[in-house]
Amino acid sequence: MRWSRLCSGLTLAGHLVENAGSTARDHLANERTFLAWSRTGLSFVAAGVGVFGAYHIGSHPDRGVEDARAVLPAVGLLIGNGALVLSTATYRYFRVSDALEKGQYRINKRGLLVIVAATAATTIASGYIIAKPVLIQSSSSTSSPGIKSTTS
């Protein structure tokens, strides 16, 4: 079997559709939306990697591993949220593309709400996990209310 025959069905260029009405505009808008969601997903993945790197590399040499382990749940949440956004963007892109070819459009209310809720929850949880050691350290180093001021 020839190589070209094996790869004949694989094309990255897509297929041609008639540009009647707003077909091209709708497909290009779908691609822009996909790219925006992909950029957001990749940003969450990069944030997770950045948090891990900052705590692993930027911390005290003796406590570097300990600090990095403390933020692993936050790193996992950020990278997991990025993966969720990327997979949802890909799934949504192909569903909308198929619907547009049939002259329809699929409104996605539930999926959008799930993504927004998951992103909000993971962002808040990650922020808390990252800030928790700082909050504990600052609360233990504050002075008690009974200490007198030395200013006159």
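Residues numbered from 1 in each chain as written. Predicted model: local features only at pLDDT ≥ 70, side-chain atom pairs only at ≥ 80, totals over all residues. Heavy atoms only, no water.

Colleague: Looking at this structure, how should I read the environment of Leu28?
Modeller: With respect to the secondary-structure elements, Leu28 resides in helix H2 (residues 23-57). Judged by relative accessible area, which is 43%, Leu28 ranks as partly exposed. (Helix = DSSP H or I, 4+ residues; strand = E, 2+ residues; numbered from the N terminus. Buried < 20%, exposed > 50% of the residue type's maximum accessible area, 1.4 Å probe, protein only.)

Colleague: Sorry, what's going on with the confidence of the model for the protein here?
Modeller: Where the model shows low pLDDT, its predicted coordinates should not be examined in detail. Mean pLDDT over the protein works out to 81, with 72% of the residues at or above the 70 mark. Highest mean pLDDT in the protein belongs to helix H4 (residues 72-101) (94); lowest belongs to helix H1 (residues 3-6) (54). (pLDDT = per-residue confidence, 0-100.)

Colleague: Where do I start with the side chain of Asn81 in this structure?
Modeller: In this fold, Asn81 is placed in helix H4. Among the polar contacts made by the side chain of Asn81, one reaches the side chain of Thr119 at a distance of 3.4 Å. (Polar contact = N/O pair within 3.5 Å; in protein donor to acceptor, adjacent residues only side chain to side chain.)

Colleague: It is not clear to me how the nonpolar core should be interpreted in this structure. Could you clarify?
Modeller: One broad trend across soluble globular proteins is that nonpolar side chains are buried collectively. The biggest cluster of nonpolar side chains holds five residues, and these are Phe44, Val51, Val71, Val75 and Leu78. Those residues within four positions of Val51 in sequence are excluded, and the remaining contacts are Val71, Val75, Leu78 and Ile130. (Core = buried A, V, L, I, M, F, W, Y, C linked by side-chain atoms within 4.5 Å. Contact = heavy atoms within 4.5 Å.)

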